[in-house]
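Architecture and fold: a report
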Amino acid sequence: MAKITVTVDGVTYSDDVEPRLLLVHYLREQVGKTGTPIGCDTSNCGACTVHMNGVSVKSCSVLAVQAEGAEITTIEGMADGQWHPLQQAFHAEHAVQCGYCTPGMLRAAADLLRSNPNPSDQEIRDGLEGNLCRCTGYENIVRAVRRAAEAGASS
């Protein structure tokens with residue numbers, strides 16, 4: 001077992017973990033952040049995307065021990081008492097159907113807007129590359145990210 005200390009959505013956790021435990025399983029099973037879905041377990045779909053020290057990572061490709069000392073933000077930590085502007089835009093643009101990919105899409109979009117607050121549609125598509133959606137056809141997702149950018153959502 002290895003001892004890790006991480007801050008998840010502003011709360012610090014110290015736990016003993018198996019060295020081979022994936023971050024996604026740690027977040028869901030030990031921390032209780034079930035909004036981060038387990039998608040493909042191969043890092044292909046992006047549904048499990050979280051922010052680690054402000055950067056998007058696919059939590060199925062990161063070991064929990066690699067997160068030692070890190071600040072993690074999950075989909076649950078995105079809103080602060082009210083929906084984040086990206087969440088509002090996804091709702092307004094109907095960018096959600098089944099919703100399975102949405103947590104990862106929102107975290108990737110937030111990362112994109114932080115580094116590029118006024119992306120073109122192609123830059124939005126490039127920024128969301130690696131996050132798969134089987135329901136929406138991406139058009140509404142691109143519109144939602146554009147709408148959030150126009151509203152000034154950059155975090």
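So, how was this worked out
- Residues numbered from 1 in each chain as written.
- Predicted model: local features only at pLDDT ≥ 70, side-chain atom pairs only at ≥ 80, totals over all residues.
- Heavy atoms only, no water.
- Helix = DSSP H or I, 4+ residues; strand = E, 2+ residues; numbered from the N terminus.
- Rg over C-alpha atoms; globule rule 2.2 N^0.38 Å.
- Buried < 20%, exposed > 50% of the residue type's maximum accessible area, 1.4 Å probe, protein only.
- Lys, Arg positive; Asp, Glu negative; His and termini not counted.
- Charge placed at Lys NZ, Arg CZ, Asp CG, Glu CD.
- Core = buried A, V, L, I, M, F, W, Y, C linked by side-chain atoms within 4.5 Å.
- Pairing = 2+ DSSP bridges.
- Axes fitted to C-alpha atoms, helices over the stretch in contact; angles between N-to-C directions.
- Parallel < 35°, antiparallel > 145°, perpendicular 65-115°, else oblique.
- Left-handed = near helix turned anticlockwise from the far one by under 90°.
- Contact = heavy atoms within 4.5 Å.
- Salt bridge = Lys/Arg side-chain N within 4 Å of Asp/Glu carboxyl O.

Moving on, we come to the overall build of the protein. Of the regular secondary structure elements, the protein holds five helices and five strands. For the protein, the succession of helices and strands along the chain, N to C, is β-β-α-β-β-β-α-α-α-α. For 155 residues, the compact-globule estimate of 2.2 N^0.38 gives 15 Å, and the protein sits close to it at 15 Å. Expressed as lengths along the three principal axes of its C-alpha atoms, the size of the protein is roughly 45 × 30 × 25 Å. Of all 155 residues assigned to the protein, the portion counted as buried reaches 44%. When the 12 positive and 18 negative side-chain charges of the protein are each reduced to one mean point, those points stand 4 Å apart.

This paragraph deals with the nonpolar core. Core analysis: the biggest nonpolar cluster contains 24 residues, and Leu86, Phe90, Met105, Leu113, Leu128, Ile141 and Val145 have the highest contact counts within it. Counting only elements with at least two residues in this core, the list comes to α2 (85–92), α3 (102–115) and α5 (139–150). Looking at this core element by element, the count peaks at seven residues for α3. Ile4, Tyr26, Leu27 and Val62 belong to the second largest nonpolar core, which has 17 residues in total.

Turning our attention to the pairing of strand β4 (residues 55–58). Pairing of strand β3 (residues 49–52) with β4, which is carried by four bridges, proceeds in the antiparallel orientation. Of the residues in β4, the one forming a bridge with methionine 52 is valine 55. Hairpin connection of β3 to β4: two residues between the antiparallel strands, including asparagine 53 at a positive phi of 55 degrees.

Between α2 and α5, the shortest axis-to-axis distance is 8 Å and the interhelical angle comes to 135 degrees. By the angle between their directions, the pair α2 and α5 is classed as oblique. Considering the relative orientation of α2 and α5, their crossing is right-handed. Contacts from Pro85, Leu86, Ala89, Phe90 and Ala92 in α2 reach Ile141, Ala144, Val145, Arg147 and Ala148 in α5.

This part covers the sheet that holds strand β2 (residues 11–17). Strand order in the open sheet formed by five strands is β2-β1-β5-β3-β4, and the pairing between neighbours is mixed. On the outer flanks of this sheet lie β2 and β4, each paired with one strand and no other. Sheet twist, expressed as the mean angle between neighbouring strand axes with direction ignored, is 40 degrees. Sheet strands touched by helix α1 (residues 23–31): β1 (2–8), β2, β3 and β5 (71–73). Its angle to β2, the strand with the most contacts, is close to 105 degrees. The strands touched by α3 are β3, β4 and β5; relative to β3, the strand with the most contacts, the crossing angle is about 40 degrees.

Attention now goes to the pattern of salt bridges. When their charged atoms lie close together, side chains carrying opposite charge are able to pair. On inspection of all chains with the given rule, the structure shows five salt bridges. Its salt-bridge partner being aspartate 121, residue arginine 146 comes within 2.8 Å of it at the nearest N-O pair. Here arginine 146 is found in helix α5, whereas its partner aspartate 121 is found in helix α4 (residues 121–127), with 25 residues between them in sequence. When its relative accessible area of 28% is taken as the criterion, arginine 146 is described as partly exposed.

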